[in-house]
Structure formats: C-alpha cells, structure tokens
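So you can see what is in the structure, the chains are spelled out below.
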Amino acid sequence: MKKTILSALAAMLLAVPAAEAQKVNTEALLSKIEKSNAEIADAKKNAKPATWINRGKYFYEAAIAPTKDLFVGTDPQMLKLTVGDPISKSEETIDGVAFMTWEYPYFVAYFKDNKLTAWKQTKTVIENGVEKALEAYNKAYELDAKSASKLKPALEQLVNFCSQEGNVGLETKEFHKAADAFALAYEAQSAPALNTPNEQLLYYAGYLLAVDGAVNPASFKEGMGYLERALEKGYTDEEGSIYYYLFHCYYGQKAENPDYVMKAKEALLTGISKFPKNENILEGLMQLYTAEEGVGDPADLISLLDKAIAENPTNIDLWFGRGRVFYALKNIDESIASFQKVVEIKPDLYEGNYYLGLFYTIKGDNVNREVNDKQYSSQADYDADLKAVNEIYMAAVPWFEKALELKPNDVDTVEFLKQLCFRLRDEEGMMDKYNKYNALFKEIKGE
C-alpha cells in the first residue's frame, strides 16, 4: 500500500505542469513604491517611522523579486517548477569552467554538475532597490530609535541578500559586482539599528576590486578605499594579505600619481613587518625593488628582517621570511641557514623541514650544473666534484624524511625523496630507500 501511495504522489508531481515563463509582477511592485512616494510627500506621514519601514520593505521586495526563488544547489527540474521554462538554453565557459546556462527574462542561470551554481541578473524592477531600502530603514531609526526591534530583521535580510549576491558574483567572475554587493552588505550591517559591522566584508570588497583592477584599472582606487577603511577599523586577515592587495591598489595607480609607488612600498613593508611569512608580500617587495628605480636595494629587506630578529630571535615567521627573501636574492646558503634556525626553534614544523630539504636540493642542482658546465682534465677532479654534489643531495634526504614523518603520504615530499634516492642509489642504503619511496609514490598516485 505504501508503495502505491508513493507512486501516486510521484505521478501527481510529474503531472503538475511547469510554469510557462518567469513572472515578476512589476506593476504591483512599482505601485507600492509610488504609494510610498506619495506618503513621504505628506508631512504628517513622513514623520512616522512606520512610513519609512514600509518604504524599505517595498524597495527590498522590488530588488529581490527577479531572483528571490533562486537557491544555490537547485536542480534544473526544480527550477522549472519554481520559475518556469527558460527562454533559451546554451553553454558558457567562465575561466575554464563549463556551465550549462538557462536564460530567463530577468536573469541567466548557471548550472554545474546539474546543480544551480550562480546567476547573472539581466533586468531589474527598480535600480538601486537595496540602497533605497537601506536609506528608508535608516530614516525610520532616525525618527525613532525604538523602532530598532522592527528594523533588525529587515536589515538582516538586506545583509543576507547582498552576501548571497557577492558569493554568486564570485562564481561568475563578476568581481566588481561581487565587491559592490559585499560593500553594501557591510553598510547594512553598520546601520544604527543593527550595528553589527564585520570589516571582513570591506576586505572582501577591496581584494576583489584589486583583482578586477587587472582588467579595469579604475577599480584600484575603489579597492584602495575599502582596504584602507578596513585597516583603519583594525581589521587584518589571518595571513596579512590585505597589505598585498593594498599594494596592488596603490601600484595600479602609479600612472596617475607616481607617489603611489612609495605608498605601495610602505604597504608591503608594513605587511612584512607584521606577517613576515607571507610569500605574496615578499614577492611583491622583490617585484617592487627590482622593477622601480629609487625604491631601494632588495638587500634592504634583509636588514629589516635582521633588525626584527635581533629583537625577537625565536620568531619562526621572521626566520621563515628571511629564508624566502634570500632565496629570491639567489643566496641559497643563507636560505639554508635561515631554515636551520626554523627547525632549531621548532623541530616538528613540517614546513621548516620541507623547505630545508628543498633548499639543499636546489643547492645541489646549482652545483651540479656548474660541474656539468666545467671542463675537466682529470677524472679524479671530476669524481671529487661529483662527490661534493652528492653530499649536498644527501644532506636534503633526512629533512624530507622528517617532513614526511610529520605529514605522511605527502606526494611532493615522497616524489623528492624518490628522485634524490635514485640519484644517490650507489650510496649505501639508498637503493633500498628508492624502492621504498618509489612504491609509496605509486601507491599515493594510484598506479
């Protein structure tokens, strides 16, 4: 019996026809806004918080109407049942990712793996509806702070809608649109009636505009504003990348104002002093110091780090950064010395052991190239130099083995060990190690 009932329900569901096409009652939505316009023109009604709360709701309803039925993860059949048949279907590739697209009167839906992943709104009921809703809610609070209890849920709706729009914009690589949405979400959070500002949203807006600046240079100035504002309010992300994106925003404006080159430098120097392990900041500094005359000598970065280390000699991040800068300066011996301090301070740090093995390997490769380029008149001299090369490679093995112990089955570490042990196979015990790591490598790769 149960099976029969379920089958009947399934049949009924399949029998329900999909809506013919997306319908948005634009006339009714705009009528409410026109009514609100008349109300705020009335002096008596204009002074009532309820008038402005209702106005905010009308603008919010108009803003969300085109996409209110869209939810990430919806399958195509459910979208048809909810919104109706699309005008057309096609395919689109965004940044190497293939999407199935359905066009509707107010938006284009993007499906990946048969699930709704994102959408692009192509038509609005009214422009800047969310901004106008926020203005109305703030006016209501200005008239009567006691209206906060009614305004909070409405403002949270604005925050959630804008945050969703930001995330959707990321999927479709509409970075400026996503940045605007996150910035607007922050403004809604900052409304006096809600007052729950999260400066991370300013950071999101700023870094997205820094990314967008690569193709739209005008975005650099906007991004700079958001990132500066986030820093002024005491926000930094865990890795300190805010300074790296601020560097790009300044540096991207150098054609308009050469002074921004030095502002870019100061952003990076501040960042590296606080986050010396951030590789992007280090690379940004190397790029700036080598590409711009008058900025400074790349070796100045070492002086900066050494001064900080003198004040805090057990700071792993400072030693880590020092090793990375010396690597950029092609001084492998000092890179090795820096990472030896890292593992001395914290022996069980995977990254310290891994990079120490890596830098010994790089040093071995460099010396090996010199040996290959050298002309020898004596086999004994060649053998002596080759032995020195192998000793360098041998020095890398225990550090990689320690790294593997700390992070078992790490494919990069295993591959390095496999290659090193094969090169050193004539050394005692190395052929056995090669067989061991070669087998492990195949197991990890599923070969």
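Conventions and cut-offs
Residues numbered from 1 in each chain as written. Predicted model: local features only at pLDDT ≥ 70, side-chain atom pairs only at ≥ 80, totals over all residues. Heavy atoms only, no water. Helix = DSSP H or I, 4+ residues; strand = E, 2+ residues; numbered from the N terminus. Expected span 1.5 Å × (residues − 1). Buried < 20%, exposed > 50% of the residue type's maximum accessible area, 1.4 Å probe, protein only. Contact = heavy atoms within 4.5 Å. Polar contact = N/O pair within 3.5 Å; in protein donor to acceptor, adjacent residues only side chain to side chain. Patch = residues over 30% accessible without salt bridge, like charges linked within 9 Å, V, L, I, M, F, W, Y side chains within 5 Å. Areas by Shrake-Rupley, 256 points an atom, 1.4 Å probe, with all protein chains shown as cover. Salt bridge = Lys/Arg side-chain N within 4 Å of Asp/Glu carboxyl O. Lys, Arg positive; Asp, Glu negative; His and termini not counted. Charge placed at Lys NZ, Arg CZ, Asp CG, Glu CD. Phe/Tyr/Trp six-rings, centres within 6.5 Å; stacked < 30°, edge-to-face > 60°. Lys NZ or Arg CZ within 6 Å of the ring centre and 35° of its normal. pLDDT = per-residue confidence, 0-100. Core = buried A, V, L, I, M, F, W, Y, C linked by side-chain atoms within 4.5 Å. Axes fitted to C-alpha atoms, helices over the stretch in contact; angles between N-to-C directions. Parallel < 35°, antiparallel > 145°, perpendicular 65-115°, else oblique. Left-handed = near helix turned anticlockwise from the far one by under 90°. Pairing = 2+ DSSP bridges. Nonpolar A, V, L, I, M, F, W, Y, C, P; charged D, E, K, R; others polar.

For helix α18 (residues 379-406), which comprises 28 residues, the first-to-last C-alpha distance of 41 Å matches the rise-based estimate of 40 Å (1.5 Å per residue) to within 8%. Listing the buried residues of α18 in full gives Val389, Asn390, Ile392, Tyr393, Ala396, Val397, Phe400, Ala403 and Leu404. Among the structural elements, α17 (350-373), α19 (411-423) and α20 (430-445) are those in contact with the buried residues of α18. Regarding α18, its N-cap is serine 378, as a side-chain oxygen of that residue lies 3.2 Å from the backbone nitrogen of alanine 380 further along.

Attention now moves to the environment of asparagine 46. Topologically, asparagine 46 is positioned in helix α3 (residues 43-46). For the pair asparagine 46 and lysine 139, spaced 93 residues apart in sequence, the C-alpha to C-alpha distance is 9.9 Å. What asparagine 46 contacts, discounting residues up to four positions off in sequence, is Glu39, Ile40, Trp52 and Leu143.

On the surface, Lys35, Lys44, Lys45 and Lys48 cluster together to form a positively charged patch. Within the secondary structure, lysine 44 sits in helix α3. Owing to a relative accessible area of 65%, lysine 44 belongs among the exposed residues under this scheme.

The next thing to look at is the packing of aromatic side chains. Following the criterion strictly, the structure yields 29 aromatic pairs and no others. Ring-pair connections join several aromatic residues into one group, and the members of that group are Phe182, Tyr203, Tyr204, Tyr207, Tyr235, Tyr244, Tyr245, Phe247 and Tyr251. A cation over a ring is seen here: lysine 123 above tyrosine 106, with NZ or CZ 4.9 Å from the ring centre.

Segments scoring low in pLDDT should not have their predicted coordinates read at a detailed level. Per-residue pLDDT for the protein chain has a mean of 92; in total, 95% of the residues score no lower than 70. Per-residue pLDDT stays below 50 along residues 1-18; that stretch engages in three contacts with residues further than four places along the chain or on separate chains.

Here we come to the nonpolar core. Side chains of a nonpolar character, in soluble globular proteins, are inclined to be buried together. In this structure, Leu79, Phe107, Tyr137, Leu155, Leu158, Leu285 and Leu288 are the most contacted members of the largest nonpolar core, which totals 136 residues. Contacts of tyrosine 137, omitting those with residues within four sequence positions, involve Trp52, Ile53, Gly56, Lys57, Tyr60, Leu151, Ala154, Leu155 and Leu158.

This brings us to the side chain of threonine 51. As for its position among the elements, threonine 51 is in helix α4 (residues 49-64). What makes threonine 51 buried here is its relative accessible area of 7%. Discounting residues that sit within four places of it in the chain, threonine 51 has contacts with Glu39, Ile40 and Lys45.

It is the contact of helix α9 (residues 200-212) with helix α11 (residues 241-251), at a shortest axis distance of 9 Å, that shows an interaxial angle of 45°. In this view, α9 runs oblique relative to α11, as classed from their interaxial angle. Considering how the two elements wind past one another, α9 and α11 form a crossing that is left-handed. In contact with Tyr203, Gly206, Tyr207 and Ala210 of α9, α11 contributes Ser241, Ile242, Tyr245 and Cys249.

Take the sheet that holds strand β1 (residues 88-94) next. Pairing is antiparallel in the open sheet, where four strands are placed in the order β1-β2-β3-β4. Looking at the sheet topology across the chains shown, the edges are occupied by β1 and β4 (115-121). With direction set aside, neighbouring strand axes in the sheet form an average angle of 30°. Strand direction decides the pairing type here: strand β2 (residues 97-103) and strand β3 (residues 107-112), joined by four bridges, are antiparallel.

With that out of the way, let us pick up the pairing of β1. Where β1 and β2 come together, seven bridges link them in antiparallel fashion. Residue pairing across strands places lysine 89 opposite tryptophan 102, the latter belonging to β2. Counted along the chain from β1 to the antiparallel partner β2, the turn is two residues long, and its residue aspartate 95 has a positive phi close to 50°.

It is worth spelling out the pattern of salt bridges at this point. Pairs can form between side chains of opposite charge whenever their charged atoms are close. Considering all chains together, one arrives at 19 salt bridges under this definition. Of the charged contacts in the structure, one is a salt bridge between aspartate 69 and lysine 68, with a shortest N-O distance of 3.6 Å. On the accessibility criterion, aspartate 69 (31% relative accessible area) is partly exposed. You can call lysine 68 partly exposed: its relative accessible area is 46%. One salt bridge connects glutamate 279 with arginine 324, and the closest N-O pair in it is separated by 3.4 Å. In this pair, glutamate 279 sits in helix α13 (residues 279-291) while arginine 324 sits in helix α15 (residues 316-328), placing the two residues 45 residues apart along the sequence.

Further remarks concern the pairing of β4. As judged from the six bridges shared by β3 and β4, these two strands associate in the antiparallel manner. Of the residues in β4, the one forming a bridge with alanine 109 is tryptophan 119. Connecting β3 to the antiparallel partner β4 that follows it, the hairpin turn spans two residues, and aspartate 113 within it adopts a positive phi of roughly 55°.

A word on a negative patch on the surface. Taken together, the side chains of Glu131, Glu135, Asp180 and Glu222 present a region of like negative charge at the surface. As for its position among the elements, glutamate 135 is in helix α6 (residues 129-143).

Within α11, 10 of the 11 residues are buried, leaving the element largely enclosed by the surrounding structure. When α11 is considered as a whole, its buried residues turn out to be Ser241, Ile242, Tyr243, Tyr244, Tyr245, Leu246, Phe247, Cys249, Tyr250 and Tyr251. Buried positions along α11 lie against α9, α10 (219-232), α12 (259-274) and α13.

Further remarks concern the packing of α13 against α15. Direction vectors running N to C along α13 and α15 enclose 40°, while the axes themselves pass 10 Å from each other. Every pair of crossing elements has a handedness; the one defined by α13 and α15 is right-handed. Between α13 and α15, the residues in contact are Glu279, Leu282, Glu283 and Met286 and Phe320, Gly321, Arg324, Val325 and Ala328, respectively. Classifying every residue of the contact of α13 with α15 by side-chain character gives five nonpolar, one polar and three charged.

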